[in-house]
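Each chain is listed here by its residues.
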Amino acid sequence: MSKTAAASLPFLLCVFLLSILVVSCKTERQVIMEPIREQGPEYLFQQLKKNELQYNTLSVKFSAEAEVDNKNQSFSGNLYIIRDSLIWVSIQKFGLEAARLMLTNDTAKMINRINNTYFIGDFDYVNELFNTDFDFDMIQALVTGNDFRYYESTQFRATVENKNYKLSTVNRIKLKKFVKRDKEAQKVLIQDIWLDPKTFKIEHILLKEVKNQNRKFESFYSDFTDLEGQMFPNTVKCEITEEKKITVNIRFDKITLNKIETASFRIPQSYQRVEMKK
């Protein structure tokens, strides 16, 4: 082999590797862009729904860390959901139950075992407690990494951002046949949803209010594992931002689908009832 040919080998190798890199990037971009160009947001939304977690009941154990005003707290607990009917949560600290929460479509109940009190009211209490504006459907969707079931879905716009599909809408409202209160009818949301381009699972959700965009909720889903043939996020990070920022990191464990369990909520006679502060 001549000296000229030998000297040209590194150059040819670099050109070869560069050409592979360019083709690979181009192919990946075409794969990501193709569904949007050919099908539009309707296709992405259809795939999102197709790959959502399907369940009748969901039982999980969890551990969590919360940060509020630079103060950290850790806790663990159990979560049980009967789809569209019940969300039951037992929160534990140092191996003992500290609180128990039970939500239905129109009722919120909570037992505080630390100060021997309890509350029975509606979703206004939950939203006051967490500085949010959620309903039952939204909470069960955010916990499981699914989309909202009872909100309109025809106004989304599709883009690509950071190698993920992104669905955006600025006026998502609750479907009229599922509206129970005037307040729900007035709810209008700005919503962004980021989807994994391979699994079409939700990786990131951003919610804002049209009238107060400084108030926002974000949820991040990661560490997906196979759950009876379905993809489920083992890790969820939630952030609520307004005047204060609340961050909660949740790790799910021992996840069980479609097993009927008891969701007891017995209030001791010695506990005092508290009212929500207006």
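Cut-offs used in this document
Residues numbered from 1 in each chain as written. Predicted model: local features only at pLDDT ≥ 70, side-chain atom pairs only at ≥ 80, totals over all residues. Heavy atoms only, no water. Helix = DSSP H or I, 4+ residues; strand = E, 2+ residues; numbered from the N terminus. Buried < 20%, exposed > 50% of the residue type's maximum accessible area, 1.4 Å probe, protein only. Contact = heavy atoms within 4.5 Å. Areas by Shrake-Rupley, 256 points an atom, 1.4 Å probe, with all protein chains shown as cover. Phe/Tyr/Trp six-rings, centres within 6.5 Å; stacked < 30°, edge-to-face > 60°. Lys NZ or Arg CZ within 6 Å of the ring centre and 35° of its normal. Arc of directions from axis to C-beta. Pairing = 2+ DSSP bridges. 1 Å grid on protein atoms, 1.4 Å probe; cavity = no way out; pocket = protein on both sides within 12 Å on 5 of 7 lines; lining within 4 Å. Points joined across faces, edges and corners; volume = space filled by probe spheres on them. Nonpolar A, V, L, I, M, F, W, Y, C, P; charged D, E, K, R; others polar.

Student: Account for the overall build of the chain, with residues named and values stated.
Tutor: Within the chain, the regular secondary structure consists of 5 helices and 14 strands. For the chain, with 278 residues in total, the buried portion stands at 43%. Restricting the contact set of the chain to residue pairs at least 6 apart, pairs at least 24 apart contribute 48%. Only carbon and sulfur atoms are counted for the fraction: they give 53% of the accessible area of the chain, which is about 16500 Å².

Student: If you had to explain the packing of aromatic side chains to someone new, which residues and values would you point to?
Tutor: Scanning all chains against the criterion turns up 7 aromatic pairs. Between the aromatic rings of Phe134 and Phe217, the centroid separation amounts to 5.2 Å while the plane-to-plane angle is 90 degrees, which identifies the pairing as edge-to-face. Residue Phe134 is found in the loop between α3 (123-130) and α4 (136-144), and its partner Phe217 is found in strand β11 (residues 216-227); the two are separated by 83 residues along the sequence. Take Phe134 and Phe217: they sit in the same class, and that class is buried. Taken together, the ring pairs in this structure connect Tyr43, Tyr165 and Phe200 into an aromatic cluster. Across the ring face of Tyr55, the terminal group of Arg83 is positioned such that the distance to the ring centre comes to 4.9 Å. Lying over the aromatic face of Phe220, Lys237 brings its terminal NZ or CZ to 5.9 Å of the ring centre.

Student: Can you tell me about the environment of Pro233, naming the residues and giving the values?
Tutor: Position of Pro233 among the secondary structure elements: in strand β12 (residues 230-241). By relative accessible area, Pro233 is classed as buried at 1%. Taking the C-alpha atoms as reference, Pro233 lies 7.8 Å from Thr144; in sequence the two are 89 residues apart. Excluding anything up to four places from it in sequence, Pro233 contacts Thr144, Tyr221, Ser222, Asp223, Phe224 and Phe252.

Student: Now, about helix α2 (residues 41-50): what can you tell me, with residues and values included?
Tutor: Along α2, the residues that are buried comprise Pro41, Leu44, Phe45, Gln47 and Leu48. Here the buried residues of α2 occupy an arc of 160 degrees about the axis, which is enough to place them on one side. More than 90 degrees from the buried face of α2, the exposed residues found are Glu42, Gln46 and Lys50.

Student: Quick rundown of the pairing of strand β13 (residues 245-257)? Include the residues and the values.
Tutor: In this sheet, β13 lies alongside strand β1 (residues 57-68) in antiparallel orientation, the contact comprising 10 bridges. Considered in β13, the bridge of Lys61 is made with Asp253. Bridge analysis of β12 against β13 gives 7 bridges, and the strand direction is antiparallel. Residue Thr235 lies in a different strand from β13, and its bridge partner there is Arg251.

Student: A description of empty space enclosed by the protein should follow, citing residues and the corresponding values.
Tutor: Sizing a probe to match a water molecule and rolling it over the atoms shows the empty space that remains. Summed over all chains, the structure comprises 3 cavities of 30 Å³ or more. In this structure, the second largest cavity occupies an estimated 40 Å³ of space. In the lining of the second largest cavity, the residues fall into 2 nonpolar, 3 polar and 4 charged.

The values reported here are purely geometric and, on their own, carry no functional implication.
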